[in-house]
Amino acid sequence: MTEAVSAPVAAPRPAFGIGPDGTYTLFGQVLAFILGLITTFVFLPLVVVAALLYARAETVFAENPSQARALVIWSWLSITVPVIVAGAVAGVLGATMG
């Protein structure tokens, strides 16, 4: 009787700024704070969305790391996109105004 040997399954890679235990790394904390602060001035509702997404990711991490990773990615997008858009708008306005 032979037993089938399965290949080891790799753990899913955590999202940007998140450690293997599902919590923010120091770099992730600092970057999230800075981007969140800027997003607060640009578009406040997305800061709330980002916080809710990350809070949900923390509760899901133990059961479903891939879903938690997706939630964290959406959280990062919620605080990064408004900063990029505001920078682009400021650049365009600066170029056209003077």
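Data block above holds the structure.
Small disclaimer: the values here were computed from a predicted structure and weren't measured.

So, the overall build of the chain
Line of reasoning, step 1. Check the secondary structure of the chain and you find 3 helices and 0 strands.
Line of reasoning, step 2. Along the chain direction, N to C, the helices and strands of the chain fall in the order α-α-α.
Line of reasoning, step 3. By the burial criterion, 23% of the 98 residues in the chain qualify as buried.
Line of reasoning, step 4. Partitioning the contacts of the chain with sequence separation of at least 6, the portion at a separation of at least 24 is 59%.

A few points about the nonpolar core
For soluble globular proteins, nonpolar side chains are generally found buried alongside one another.
Line of reasoning, step 1. If you look at the biggest cluster of nonpolar residues, it comprises 14 residues, and the most contacted ones within it are I18, L35, A57, V72, W76 and I79.
Line of reasoning, step 2. Those elements that place two or more of their residues in this core are α1 (26-42), α2 (44-60) and α3 (65-97).
Line of reasoning, step 3. Examining the composition of this core, we find that 6 residues originate from one element, α3, more than from any other.
Line of reasoning, step 4. Setting aside residues no more than four positions away along its own chain, I18 makes contact with T23, Y24, T25, Y54 and V72.

Some points on the environment of F27
Line of reasoning, step 1. Structurally, the position occupied by F27 is in helix α1.
Line of reasoning, step 2. In this structure the C-alpha to C-alpha distance between F27 and F16, which are 11 residues apart in sequence, comes to 9.8 Å.

A few points about α3
Line of reasoning, step 1. Here α3 spans 48 Å end to end across 33 residues, near enough to the 48 Å set by a 1.5 Å rise per residue.
Line of reasoning, step 2. Along α3, the positions that sit buried rather than exposed are A68, L71, V72, S75, W76, S78, I79, P82 and V83.
Line of reasoning, step 3. Where the residues of α3 are buried, they touch α1 and α2.

Considering α2
Line of reasoning, step 1. Its 17 residues give α2 an end-to-end C-alpha distance of 25 Å, which sits within 8% of 24 Å, the value for a rise of 1.5 Å per residue.
Line of reasoning, step 2. Those residues of α2 lying buried are A50, Y54, A57 and V60. Seen along its axis, α2 keeps its buried residues to an arc of 125°; they face one direction.
Line of reasoning, step 3. Packing partners of the buried residues in α2 comprise α3.

A word on the packing of α1 against α2
Line of reasoning, step 1. Packing of α1 against α2 leaves a shortest axis separation of 6 Å and a crossing angle of 140°. Taken as axis vectors, α1 and α2 run oblique relative to one another. On α2, the residues that touch G36, T39, T40 and V42 of α1 are L44, L46 and V47.
Line of reasoning, step 2. Residues that form the contact of α1 with α2 fall into these classes: 4 nonpolar, 3 polar and no charged.

What counts, and at which threshold
Residues numbered from 1 in each chain as written. Predicted model: local features only at pLDDT ≥ 70, side-chain atom pairs only at ≥ 80, totals over all residues. Heavy atoms only, no water. Helix = DSSP H or I, 4+ residues; strand = E, 2+ residues; numbered from the N terminus. Buried < 20%, exposed > 50% of the residue type's maximum accessible area, 1.4 Å probe, protein only. Contact = heavy atoms within 4.5 Å. Core = buried A, V, L, I, M, F, W, Y, C linked by side-chain atoms within 4.5 Å. Expected span 1.5 Å × (residues − 1). Arc of directions from axis to C-beta. Axes fitted to C-alpha atoms, helices over the stretch in contact; angles between N-to-C directions. Parallel < 35°, antiparallel > 145°, perpendicular 65-115°, else oblique. Nonpolar A, V, L, I, M, F, W, Y, C, P; charged D, E, K, R; others polar.

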